[in-house]
Amino acid sequence: MKKALLTTLALLAGTALAADPAFPKAPAGKVTLEVWSWVPGLDKTVTAFEKAYPTIDVKVTNLGGGPQTYTKLLTTLKAGTGAPDVAQIEYGFLPAFVDTGGLADLSTLGAGNYKKYFVPWTWGQVSPDGKAVFAIPQDTGPFAMVYRDDLMKKYGLSAPKTWAEYEKAAATVYTKSGGKVKMGNFYATFAPWFMALAWADGAQFFKRDGDRWVQTLNNPGAKKVLNYWYGMIKKGHVGTLNAFTSDYWNAAGAGQVVSNMEAAWGPGGYAGSLKDKGAGQWRAANLPQWTAGTAVKSGNWGGSSNVVTAQSKNKDAAMLFSLWLNLSQNAISNNWINGGLFPASDAGLDLAVLKDKTKNPSKFFGGQDISTVYARASRGVNVNFQWAPWFPYANDNFNKQMDLMLKGRLTPDQALDAWQRETLAEAKKQGYDVR
Amino acid sequence: MKPPRAVPWLFLSPFLVLFAAFYVAPVLYAGYLSLFIKKRVGFGPARDVFGGLTNYARAFQDSEFLTSLWNILKFGLVQIPLMMVLATALALMLDASRGRLQALFRTAFYLPYTIPSVIAGLLWGYLYSKNLSPLNQLTGRSFDFLGSDVVLWSIANIVTWTWTGYNMITLYAALQNIPGDLYEAARIDGADGWNLTRFIKLPLLRPSLLLVLIFSIIGTMQIFSEPFVIRPLGYVPDNITPNTYLYLVASRDGNFGYAATLAMVLAAFTLLLSAVFLRFTRRGGEL
C-alpha cells in the first residue's frame, strides 16, 4: 500500500517535473473551436485542455478518418464555408490541401518557434520550403520490423539485420515449412508502405525545384527495392495479402506470417486485431538495412498533422490547441494510450508511458520496450523527403501498376515506369509545372 | 364557381420549390462548373478559369472514363437480363403458389433489399475474401473473387442479390392486379398453366417489366457503393464504374470542373440509353 502510494507520488512528481514547452497565451474572451479528428478517445484529452484553458471550448467531430474526412474537408474548403478550425491530415495528403489555399500559414502566428520541439523530419513534412508552416506534426509512423520470436526460433533464425539476411531467411522459412509459412508480406495496395521502404534507402519521389516540381516515382532506389521484393514474391517466399483485411489477420494469427515491416502505429493494430493469437510472441526490431553496421535508417508510413483552416475565426486559439495537443505530455500520453499515436514531439519519444510493459502493445510484444526501437527508427528517418499535391492520385495509381506486376504483365521496372508516366500526365493535366 | 388560376400552383409550390432547389439548381450548377478548368502559376492554389468545352473534349479522349462506360455497359448487358429473368420467374412462382409459404418466401426474397448496400458490400466482402471465404472452403478452391479481372462480376452478383427481390415485388404486385375473369375465360377456352403464363400473365406484365428495366438501366449507371466498400479489400480499379471514377476526380484530385463534366456526360449517356431502349421496345407495337 505504502509502496503503491510512493510510486504514485513519484509518477505524479515525474509528470509535474517534466516541463512542457511554454505555449502561446490563450486569446482573451470566450472561444469555441471545432476540431475534426479520427483519434480515438480524443474527447478525454480535450477535457484536460479545457481545464487548462477555461476560455476555450473544443468541439470534436470524428468523421471516421481517411477518405471520408478528406472528402468533407475538401468540399468545405472549396465551398468557402463550413470548415472546422482544426483538422487532422496525413503528411502525404497535406500538400494537396495546401494547394486548395484553404489552410492557414501558421508561421505568421509564430509556429516557427516550436520547430525545435519536434523530431526534425516531421517539421520538413509540414513546412516543405522551410518558411511557411501548414500544420503542426501530430503522430508518426517510422518503420521497424515486427516478427514472431517463436517462429524465428522454430526455423533456426534470428532477426535479420540486413536485407541480404532477410532474403536468406525468407528462403529458409519457405523450404522448412513446405511453402506454408511466409517470412514476410508485400502490401501491394499501400503505396506509402512501399515508399517508406525506399525512403529508408534515401529514395526521393517528389521534389520542389524553385517554382516547378520534379517527380521521380521510378527512381533507382524504388527500382532496387521493388525488384528485391518481387524476386521474393515470385519465388513464393513472401506473400501479398492486403493490409488490414481479415485475410491478413487470419494468416498472421495462424502463424503463417513470420515478420512484416510496420509503422510505429502498427503494433497497436496487431495487439488489437490478433488479441490472444500469438500474444507475447511478437517482437520489434530495427528495419533491416542495406549495408551492415551503419546507423539505423528508416522511412515513415502514415502519421498525421493538425492543420488550421483559413476559414477559422480563431486561428490563434486553434494553433494553441494544435501545439498543446502534440507537445504537452498530458496530451501525448493520452493520444498514445487511447489512440496509439506515436508522437512527433522529440521529448515525447522518450515518455515513460510509451514504455509501459504491462499495457498493450508492449504487453502483446512480450513485454519488450518496442517504443525504443521505434524512437530509434524515427530519429533515422531522412529529413528531406517530400510529397506532392497530386500524391492522392499517385497513391491509387500505384495499386493499378502493382496489380499488373503481380499478374506478370509488367516487370517491376516497367510497373514503376508506368506509375511515373501516368501520374506525371495526370499532374500536368491538373496544371502543375512538373517534369 | 371556378377557383382562381393560382390555386393549382399554390398546391404545387412545395414540390416546385424543392424540385428547383435540389434538382434543377444542382444540374445547372454542374453544367456551369463543367466549363471551368484548373490553372496554376508556379506554386500555390489553382484558380478555376473559364475553359469553354475543354473538359468535354478531355472526357471524350479520356480512356479511363471511356473504359468505365464500357465496363458499365458490359455489366448492364449481363446483369440486367439475368436479374429480370430471375425476378420474373420468382414473381410467377409466388403468384402460382398459395398459403403461408407464399408470404414467407415473399419476405425472404425481398429481405436482401432491406440491407443497406454498404452492409451488403461488407457482407459479401467477407464471403469473397480469398482465404476465409466459406465459398472457397466449401469447394476446396482458392478462387480470388476480388481479383481485378473478376471483381466487376462479383459486384454484379451483389447487385443481383440486392435487387432481384425488390423487382420481384413490383412484378408480383402487377400479377396480383390481373383480373380473375381473364383467367376464368382462358380456362374455359382450355388454357393450362403454361398457356396462362405465356398468353396472359407475361403480356400483361409488359408495362411493369419495362418500368423495372428502365429503373435497372438508370440504377446500373449509378453503381457506386458496392465497389467502394470493396476497395479496401483489394485492388478495385478507379474506373470500375463511371461514378467511382468521377467521385475520385472530384474528391481525390480536387478537379470539380472535370467531375461535373463527367457527371453531365454520364447523365446524357443514361438518358440516351433509356430513350433508345424505350423507342426500341415500343417499336414492337402494342400487344
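Residues numbered from 1 in each chain as written. Chains lettered and ligands numbered in written order. Predicted model: local features only at pLDDT ≥ 70, side-chain atom pairs only at ≥ 80, totals over all residues. Heavy atoms only, no water.

K.L.:
Whenever I open this one, the overall build of chain A confuses me. Can you help?
P.N.:
The number of helices and strands found in chain A is 16 helices and twelve strands. In terms of overall size, chain A behaves like a compact globule, its C-alpha atoms giving a radius of gyration of 22 Å where 435 residues would be expected to give roughly 22 Å. Structurally, chain A occupies a C-alpha span of about 70 × 70 × 35 Å along its principal axes. Counting all 435 residues of chain A, 56% fall into the buried class. Intrachain contacts of chain A at a sequence separation of at least 6 include 77% that bridge at least 24 residues. Surface summary for chain A: the accessible area is close to 17,100 Å², and the carbon and sulfur share equals 55%. Separation between the mean location of the 46 positive side-chain charges and that of the 33 negative ones in chain A comes to 5 Å. (Helix = DSSP H or I, 4+ residues; strand = E, 2+ residues; numbered from the N terminus. Rg over C-alpha atoms; globule rule 2.2 N^0.38 Å. Buried < 20%, exposed > 50% of the residue type's maximum accessible area, 1.4 Å probe, protein only. Contact = heavy atoms within 4.5 Å. Areas by Shrake-Rupley, 256 points an atom, 1.4 Å probe, with all protein chains shown as cover. Lys, Arg positive; Asp, Glu negative; His and termini not counted. Charge placed at Lys NZ, Arg CZ, Asp CG, Glu CD.)

K.L.:
Can you walk me through the confidence of the model for chain A in this structure?
P.N.:
Low-pLDDT stretches of the model should not have their predicted coordinates read in fine detail. Residue-level pLDDT values for chain A average 91, and 96% of them are 70 or greater. Contacts for the low-pLDDT stretch residues 1–17 of chain A, under 50 throughout, to residues beyond four places or in other chains number zero contacts. (pLDDT = per-residue confidence, 0-100.)

K.L.:
Even after reading the chapter, I still don't get the nonpolar core, so can you show me in this structure?
P.N.:
One broad trend across soluble globular proteins is that nonpolar side chains are buried collectively. With 162 residues, the main nonpolar core has F194, F205 and W229 of chain A as its most contacted residues. Sequence-distant contacts of W229 of chain A, that is, excluding residues within four places in its chain, are made with W163, Y166, N185, F186, W193, L197, V238 and M261 of chain A. Judged by nonpolar contacts, the second largest core, of 22 residues, contains A174, A186, V212 and L213 of chain B. (Core = buried A, V, L, I, M, F, W, Y, C linked by side-chain atoms within 4.5 Å.)

K.L.:
What is the right way to read the environment of A48 of chain A from this model?
P.N.:
All names here are of chain A. In this fold, A48 is placed in helix α2 (residues 42–52). With 320 residues separating them in the primary sequence, A48 and Q368 have C-alpha atoms 30 Å apart. Once residues lying within four places of it in the same chain are set aside, the contact partners of A48 are W324 and N330.

K.L.:
What is the right way to read the interface of chain A and chain B from this model?
P.N.:
Interfaces are often sized by the amount of accessible area the parts lose when they come together. Counting from both sides, the interface comprises 31 residues of chain A and, opposite them, 30 residues of chain B. Contact between chain A and chain B buries roughly 2,700 Å² in total, counting both sides, with carbon and sulfur atoms accounting for 50%. For the chain A face of the interface with chain B, the top three residues by lost area are K78, D247 and Q430 of chain A, together amounting to 20%. Where chain A touches chain B, the interface holds seven salt bridges. (Buried area = accessible area lost by both parts, 1.4 Å probe. Salt bridge = Lys/Arg side-chain N within 4 Å of Asp/Glu carboxyl O.)

K.L.:
Can you walk me through the confidence of the model for chain B in this structure?
P.N.:
Confidence in the prediction of chain B, expressed as mean pLDDT, is 89, and 97% of residues score 70 or more. As a predicted assembly, this complex carries a pTM of 0.89 together with an ipTM value of 0.85.

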